[in-house]
Amino acid sequence: LSSLCGLIDCPIRQFNILRLFTEMNMTDAIDHPASFVYDQALIWDNHAGFESRPDVDLSQLNHWRASGASFVSVNAGYDVRPWTNTIHTLAHVRRWIMARPNDYLLARNTADILQARSDGRLAIAFDIEGMEALDGNIDMIQLYYDLGVRQMLFAYNRNNSAGGGCHDEDTGLTPFGRSVVEEMNRVGMLVDCSHSAYRTTMDAMELSESPVTFSHSNPKTLCDHPRNITDDQIRSCAATGGVIGINGIGKFLGDSIEPEHYVDHIEYTADLVGARHVGVALDYSDGSDDLQDAITGQSNFWPPQWYSGKMEFMAPNRLIDVVDIMLRRNFSSEDITGILGGNFFALAQRVWV
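Reading the values: rules and limits
Residues numbered from 1 in each chain as written. Predicted model: local features only at pLDDT ≥ 70, side-chain atom pairs only at ≥ 80, totals over all residues. Heavy atoms only, no water. Helix = DSSP H or I, 4+ residues; strand = E, 2+ residues; numbered from the N terminus. Polar contact = N/O pair within 3.5 Å; in protein donor to acceptor, adjacent residues only side chain to side chain. Contact = heavy atoms within 4.5 Å. Axes fitted to C-alpha atoms, helices over the stretch in contact; angles between N-to-C directions. Parallel < 35°, antiparallel > 145°, perpendicular 65-115°, else oblique. Left-handed = near helix turned anticlockwise from the far one by under 90°. Nonpolar A, V, L, I, M, F, W, Y, C, P; charged D, E, K, R; others polar. Buried < 20%, exposed > 50% of the residue type's maximum accessible area, 1.4 Å probe, protein only. Pairing = 2+ DSSP bridges. Right-handed = clockwise from strand over helix to strand, strands pointing away. Core = buried A, V, L, I, M, F, W, Y, C linked by side-chain atoms within 4.5 Å. pLDDT = per-residue confidence, 0-100. Expected span 1.5 Å × (residues − 1). Arc of directions from axis to C-beta.

Next up on the list: the side chain of Thr240. Mapped onto the secondary structure, Thr240 falls in the loop between α11 (231-239) and β8 (244-247). Within the local environment of Thr240, its side chain forms a polar contact with the backbone nitrogen of Gly242, the two atoms lying 3.3 Å apart. With residues near it in sequence (within four places) discarded, Thr240 still touches Met205, Pro211, Val212 and Arg350.

What follows is the structure in structure tokens.
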């Protein structure tokens, strides 16, 4: 019960604590503590992993709605496809969402996310995986922001005009990449270091005047995969005031999508830099698109020695199990609600304009 009381000091202070206790029988709170904590949290998934194409089946978003999520960041484009794909995908997803106003809301700011949570809707913003989407034009950053993109990473696994990718030569930020960081800081777009090479990430974190994120990356100490990140990268991100989103793909968890292993990565990162720097970023796809075919057919972006076999994903509906495990491992309710969404929400409050 003392753990539940920590909810009062949760970073998301907008919900009414008195109403919380009067509407829910305290016996239920004691008998079902995971459900109690989960139901009061703002669930923020910082990266959805399904394909970014203008014909993508967006009914996949129902997985997040059914799980009780209030926000998910949808990938609108990545370096694997031409930059024009990003524009067409944004047009498709925005139109689809706006045609379903009872279920979804395009989030311009954090107030929209709170409104969506109050309404029982799913708020959506976008991310872009790789700066090829800019087509070498820094003016594209403001345009993407205006279309709802709130975070962008440098390179998707392979090097590009902005910097290095995690499956390529370890280069630092290029002059173009440095100018992009400055422009992202100006417009209020979150600088994202996932998928990028070590030197590029360290350069970006030193340069950025705003907090930086690894939107969906796991600690390499627990799973030695090039997509995962070192303790130095984790510490540097936290030092900027940033948040590391723990990825739910089995290959980055240690070939397991069991919630126990997911919590291992949460716990390791929280022990290293503090729970306030940890969040959720499942990178989930339900397999209804051709993502597996893309991975198999593009070995330059997904080297076979690291991506052989089927990709497996921990689904949003397993987050309630994650909460149960965190409670059993003596995480406080304040830490849990922060990890589930409060930490990314607070980061957005600081960075989004």
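Look at helix α13 (residues 259-273) against helix α16 (residues 319-328): their axes get within 9 Å of each other, and the N-to-C directions meet at 60°. One element, α13, and the other, α16, form an angle in the oblique class. Handedness of the crossing formed by α13 with α16: right-handed. Only Asp321, Val322, Ile325, Met326 and Arg328 of α16 make contact with α13, whose side of the interface consists of Pro259, Glu260, Tyr262, Val263 and Ile266. Of the residues that constitute the contact of α13 with α16, the class distribution is seven nonpolar, no polar and three charged.

Right, let's get into the pairing of strand β4 (residues 122-129). The side chains of a regular strand alternate, residue by residue, between the two faces of the sheet. The buried fraction of β4 amounts to eight of the eight residues, a majority that puts the element mostly inside the structure. Burial along β4 is two-sided: the face carrying Leu122, Ile124, Phe126 and Ile128 and the face carrying Ala123, Ala125, Asp127 and Glu129 are both buried. Sheet topology places strand β2 (residues 71-78) next to β4; seven bridges connect them, and they run parallel. By the bridge assignment, Tyr78 is partnered in β4 with Glu129. The β-α-β motif built from strand β3 (residues 104-106), the intervening helix α7 (residues 110-119) and the parallel element β4 has right-handed crossover chirality. In this sheet, strand β5 (residues 149-153) lies alongside β4 in parallel orientation, the contact comprising four bridges. Counted as the bridge partner of Phe126 is Val149 from β5. Between the parallel pair β4 and β5, the chain is carried across by helix α8 (residues 140-146), and the sense of this crossover is right-handed.

Taken as a class, soluble globular proteins show a tendency for nonpolar side chains to be buried jointly. Judged by nonpolar contacts, the single largest core of 108 residues is most densely connected at Leu61 and Phe126. Element by element, the count of residues in this core is highest for helix α17 (residues 333-351), at eight residues. If we ignore the near neighbours within four places in the chain, the residues touching Leu61 are Phe50, Val72, Val74, Trp96, Tyr104, Leu122 and Ile124.

The pLDDT averaged across the protein chain works out to 92; a share of 91% of its residues lies at or above 70. Below a pLDDT of 50 lies the segment residues 1-6, which in the model reaches 13 contacts outside its immediate sequence neighbourhood of four places, other chains included. Note that pLDDT drops below 50 for residues 8-24; the model gives that stretch 28 contacts with residues more than four away or on any other chain.

The next subject is helix α6 (residues 83-98). Side chains that are three or four residues apart share a direction in an α-helix, a result of its 3.6 residues per turn. If you check α6, its first and last C-alpha atoms are 23 Å apart, about what 16 residues at 1.5 Å a residue would give, namely 22 Å. Burial in α6 covers these residues: Asn85, Thr86, Thr89, Leu90, Val93, Trp96 and Ile97. Along the long axis of α6, the arc covered by the buried residues comes to 140°, so they all point the same way. Residues of α6 that are exposed and angled more than 90 degrees away from the buried face: Arg95 and Met98. Contacts from the buried residues of α6 go to β2, β3, β4, α8 and β5.

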